[in-house]
Amino acid sequence: FLFACLFGDCFGLSVLFLGFFWVGFVFCFVFVLLSLRLNFLVCCCHEANTVLFSHPPLFRPCCAATVSNKCELLTRTACDFVEGIWREDKQFCAETSCLTDVCELDKAGLSISADASQPNLPDNPNQWVRFIIPLAIHAGLVQLVFILIVQWNVGIPIETQAGFFRVFLIYFISGIGGYVISGIFAPLQVTTGADPAVYGLLAVMLVELFQSWQIVNNKYRVLIKLLVAVVFLLMVGTLPFVDNWSHIGGFAFGIVSGIVFLPYINFGSWDLARKRILLGIAMPLLFIMFILAFIAFYRIQNTEFCIWCKYLNCIPYTSEIDCDTSEFGVDFSVSVGL
């Protein structure tokens, strides 16, 4: 620069020098920024690759939120997306029983474990208390009010005449028998309530009417009223989300148990002989009904032997009525009796 000022135009060369200086400065500044940016990207990619390959996706059994309890190997995110239950403590579906999450009763000593030879199936699915527990659980206020009305108007008069212990036996025999029948014909339908026991009490009223037929006033009128009530309630049971199989089973067990446990008065030797013969038939019949029902439930487990029987539980009166209740989710609708 000093040499240029001594032998030439000092001002022009100064401007030229300053121009080259600032261009070089800007170039170096941009170069440094790009270098820092590239180094940052390389570090980020390296860290991402390290995390990706050091922590691969974790697949665990996921129990789908359906009654069918389908099990799949999914990540936690995928399982949450399908609203399933992610079993982090298991590695394979073969060692997982999806029923455990919804059916296990540890406090009652009725735990469920998976059967390794049959994926997603329990090896000890014996929870017999579920035939009794639903009799004390109701799906809502409407069902509870209906049960209380029938118990007040039907149960109290029967208990007054037959006594507490006899009515107690009839009530629980009808309730348990109704739920066993429901488990045979509609195993995937969730149900609760004391309706089978209540239908058993209605059946007892019918038995009591015939047992005291000679002394009943307006007997045919009473019979028609009772039959109309029973038929109406059974027809209501053919609507969706109502477990009519428990109603039918409770009514059938109620008739037989009513013949066995209800006290009766006789009107002559022929009437006494007839009622004793009927009692002699009903006692072993009640025992056989329970034996066959439990064998069908625990051993046979086949609902395809009667194709038209499904219409006893639900009738599609219109095209909008869907009688298929086999694929409810976790918040599935509970079948009730009305």
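Keep in mind the model is a prediction, meaning the values are calculated, not measured.

1. Concerning the overall build of the protein chain
For step 1, the next point in the chain: A tally of helices and strands in the protein chain yields 10 helices and 3 strands.
For step 2, the next point in the chain: Along the protein chain, helices and strands appear, N-terminal first, in the series α-α-β-β-α-β-α-α-α-α-α-α-α.
For step 3, the next point in the chain: Expressed as a percentage of its 338 residues, the buried residues of the protein chain come to 35%.
For step 4, the next point in the chain: By sequence separation, contacts in the protein chain at least 24 residues apart represent 65% of the contacts at least 6 residues apart.

2. So, the state of the cysteines
For step 1, the next point in the chain: For the coordinates displayed, the defined rule picks out 1 disulfide.
For step 2, the next point in the chain: Disulfide partner of C62: C79, at an S-S distance of 2.1 Å. Because the sign of the S-S torsion sets the handedness, a value of about 80° for the bond joining C62 and C79 places this disulfide among the right-handed ones. Here C79 lies in helix α3 (residues 76–81) and C62 lies in strand β1 (residues 60–63), a separation of 17 residues in the sequence.
For step 3, the next point in the chain: The buried category is assigned to C62, whose relative accessible area is 2%.
For step 4, the next point in the chain: When its relative accessible area of 0% is taken as the criterion, C79 is described as buried.

3. A word on the environment of G249
For step 1, the next point in the chain: Along the polypeptide, G249 turns up in helix α9 (residues 244–261).
For step 2, the next point in the chain: Remark: the alpha-carbon pair of G249 and P196, spanning 53 residues in sequence, is separated by 6.9 Å.
For step 3, the next point in the chain: If sequence neighbours within four positions are ignored, G249 has contacts with G178 and I181.

4. Some points on the packing of helix α5 (residues 141–162) against helix α6 (residues 164–185)
For step 1, the next point in the chain: With their axes 7 Å apart at the nearest point, α5 and α6 run at an angle of 130° to one another. The orientation of α5 relative to α6 falls into the category oblique. For the pair formed by α5 and α6, the contact residues are Q151, I158, E159 and A162 on the first element and F164, R166, V167 and Y171 on the second.

5. Here's the deal with the pattern of salt bridges
For step 1, the next point in the chain: If you walk through the whole model with that rule in mind, you get 2 salt bridges.
For step 2, the next point in the chain: When the shortest N-O distance is used, the salt bridge between D271 and R274 registers 2.5 Å. One end of the pair, D271, and the other, R274, are both in helix α10 (residues 269–300), 3 residues apart, so they sit about a helical turn from each other.
For step 3, the next point in the chain: Using a relative accessible area of 32% as the deciding quantity, one classes R274 as partly exposed.
For step 4, the next point in the chain: Between K275 and D271 there is a salt bridge; the shortest N-O distance is 3.0 Å. Here K275 pairs with D271, and both are found in helix α10, just 4 residues apart, close to one helical turn.
For step 5, the next point in the chain: Several salt bridges share partner residues, and in doing so they unite D271, R274 and K275 into one network.

6. Structural notes on the sheet that holds strand β3 (residues 85–86)
For step 1, the next point in the chain: The 3 strands are arranged β2-β1-β3 in an open sheet whose pairing can be described as antiparallel. A strand with exactly one partner marks an edge of an open sheet, and here the two such strands are β2 (71–74) and β3.
For step 2, the next point in the chain: Sheet topology places β1 next to β2; 4 bridges connect them, and they run antiparallel. Looking at β2, one finds that R60 is bridged to L74.

7. Digging into the side chain of T238
For step 1, the next point in the chain: Tracing the backbone shows T238 in the loop between α8 (219–236) and α9.
For step 2, the next point in the chain: In this structure the side chain of T238 is engaged in a polar contact, spanning 2.5 Å, whose partner is the backbone oxygen of M235.
For step 3, the next point in the chain: With residues near it in sequence (within four places) discarded, T238 still touches N244, Y311, L312, N313, C314, I315 and Y317.

8. A word on the pairing of β1
For step 1, the next point in the chain: Here β1 runs beside β3; their pairing, made up of 2 bridges, is antiparallel. Looking across to β3, one finds that C62 is bridged to W86.

9. Points about the nonpolar core
The nonpolar side chains of a soluble globular protein tend to be buried, and buried together.
For step 1, the next point in the chain: Formed by 51 residues in total, the largest nonpolar core has its most connected members in I158, F253 and L262.
For step 2, the next point in the chain: For this core, the elements supplying multiple residues, two or more each, are α5, α6, α7 (195–211), α8, α9 and α10.
For step 3, the next point in the chain: Tallying contributions element by element places α7 first for this core, with 10 residues.
For step 4, the next point in the chain: Setting aside its immediate chain neighbours within four residues, F253 contacts I173, S174, G177, G178, I181, L286, M289 and F290.

10. Section: the environment of L58
For step 1, the next point in the chain: For L58, the position within the fold is in the loop between α2 (10–54) and β1.
For step 2, the next point in the chain: Its relative accessible area of 40% is what places L58 among the partly exposed residues.
For step 3, the next point in the chain: Distance from L58 to T75, taken between C-alpha atoms, is 5.7 Å for residues 17 residues apart in sequence.
For step 4, the next point in the chain: Ignoring any residue separated from it by four or fewer positions in sequence, one finds L58 in contact with L74, T75, R76 and W86.

11. Points about the confidence of the model for the protein chain
For step 1, the next point in the chain: The pLDDT averaged across the protein chain works out to 75; a share of 69% of its residues lies at or above 70.
For step 2, the next point in the chain: Counting contacts from residues 1–9, a segment whose pLDDT is below 50, to residues more than four positions away or on other chains yields 5 contacts.
For step 3, the next point in the chain: Every residue in residues 44–54 scores below 50 in pLDDT, and together they form 0 contacts with partners more than four places removed in sequence or on other chains.

Thresholds, definitions, all that
Residues numbered from 1 in each chain as written. Predicted model: local features only at pLDDT ≥ 70, side-chain atom pairs only at ≥ 80, totals over all residues. Heavy atoms only, no water. Helix = DSSP H or I, 4+ residues; strand = E, 2+ residues; numbered from the N terminus. Buried < 20%, exposed > 50% of the residue type's maximum accessible area, 1.4 Å probe, protein only. Contact = heavy atoms within 4.5 Å. Disulfide = S-S within 2.5 Å. Axes fitted to C-alpha atoms, helices over the stretch in contact; angles between N-to-C directions. Parallel < 35°, antiparallel > 145°, perpendicular 65-115°, else oblique. Salt bridge = Lys/Arg side-chain N within 4 Å of Asp/Glu carboxyl O. Pairing = 2+ DSSP bridges. Polar contact = N/O pair within 3.5 Å; in protein donor to acceptor, adjacent residues only side chain to side chain. Core = buried A, V, L, I, M, F, W, Y, C linked by side-chain atoms within 4.5 Å. pLDDT = per-residue confidence, 0-100.

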